[in-house]
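Spelled out from the first residue to the last, the chains are:
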Amino acid sequence: MKEPSRDDFPALGREIDGRALSYLVNGATTLKPRSVIRAVCGYYESNGANIHRGSTGSPRRRPTRTSPPAR
């Protein structure tokens, strides 16, 4: 598996006052890599229903993984 780079984190592609955004690790905030953003979007696009509230088969469907697990 390749090491993460700036390209994996969309938030780091921004510039502020013409300078690349820098990110210092903080225990309270974590930037999400593109693979996690895609996985979360995929979940909400197809499986975002509460299993106990739906009357159709959709909420009872087991969520499926749309991308490899993040490490």
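Look up a bit, the structure's there.
Computed from a predicted structure; not experimentally measured.

A.B. asks: Which residues make up the overall build of the chain, and what are the values?
C.D. replies: Scanning the chain from terminus to terminus reveals 1 helix and 2 strands. Listed by position from the N terminus, the elements making up the chain come as β-β-α. Expressed as a percentage of the 71 residues in the chain, the buried residues total 10%. As presented, the chain carries roughly 6400 Å² of accessible surface, and 53% of it is formed by carbon and sulfur atoms.

A.B. asks: Kindly report on the environment of Ile37, identifying the contributing residues and their values.
C.D. replies: Here Ile37 is to be found in helix α1 (residues 34–46). Here Ile37 falls in the partly exposed class, since its relative accessible area comes to 36%. Here the alpha-carbon distance between Ile37 and Pro10, two residues 27 residues apart in the chain, equals 9.4 Å. When sequence neighbours within four positions are dropped, the list of residues in contact with Ile37 reads Pro10 and Lys32.

A.B. asks: Describe the packing of aromatic side chains, listing the residues and the values that go with them.
C.D. replies: Geometrically, a pair of aromatic rings is defined through the distance of the ring centres and the angle of the planes. The full count for this structure, using the stated rule, is 1 aromatic pair. Arranged with centres 5.1 Å apart and planes meeting at 75 degrees, the rings of Tyr43 and Tyr44 form a pair that is edge-to-face. We classify Tyr43 as partly exposed; its relative accessible area is 34%.

A.B. asks: Mind laying out unusual backbone geometry, listing which residues take part and the relevant values?
C.D. replies: Excluding glycine, most residues fall at negative phi; most peptide bonds, likewise, are trans. A positive phi angle, near 55 degrees, is found at Asp17, a position not held by glycine. Classification of Asp17 by relative accessible area gives exposed; the value is 76%.

Rules of the game
- Residues numbered from 1 in each chain as written.
- Predicted model: local features only at pLDDT ≥ 70, side-chain atom pairs only at ≥ 80, totals over all residues.
- Heavy atoms only, no water.
- Helix = DSSP H or I, 4+ residues; strand = E, 2+ residues; numbered from the N terminus.
- Buried < 20%, exposed > 50% of the residue type's maximum accessible area, 1.4 Å probe, protein only.
- Areas by Shrake-Rupley, 256 points an atom, 1.4 Å probe, with all protein chains shown as cover.
- Contact = heavy atoms within 4.5 Å.
- Phe/Tyr/Trp six-rings, centres within 6.5 Å; stacked < 30°, edge-to-face > 60°.

None of this, on its own, says anything about what the molecule does.
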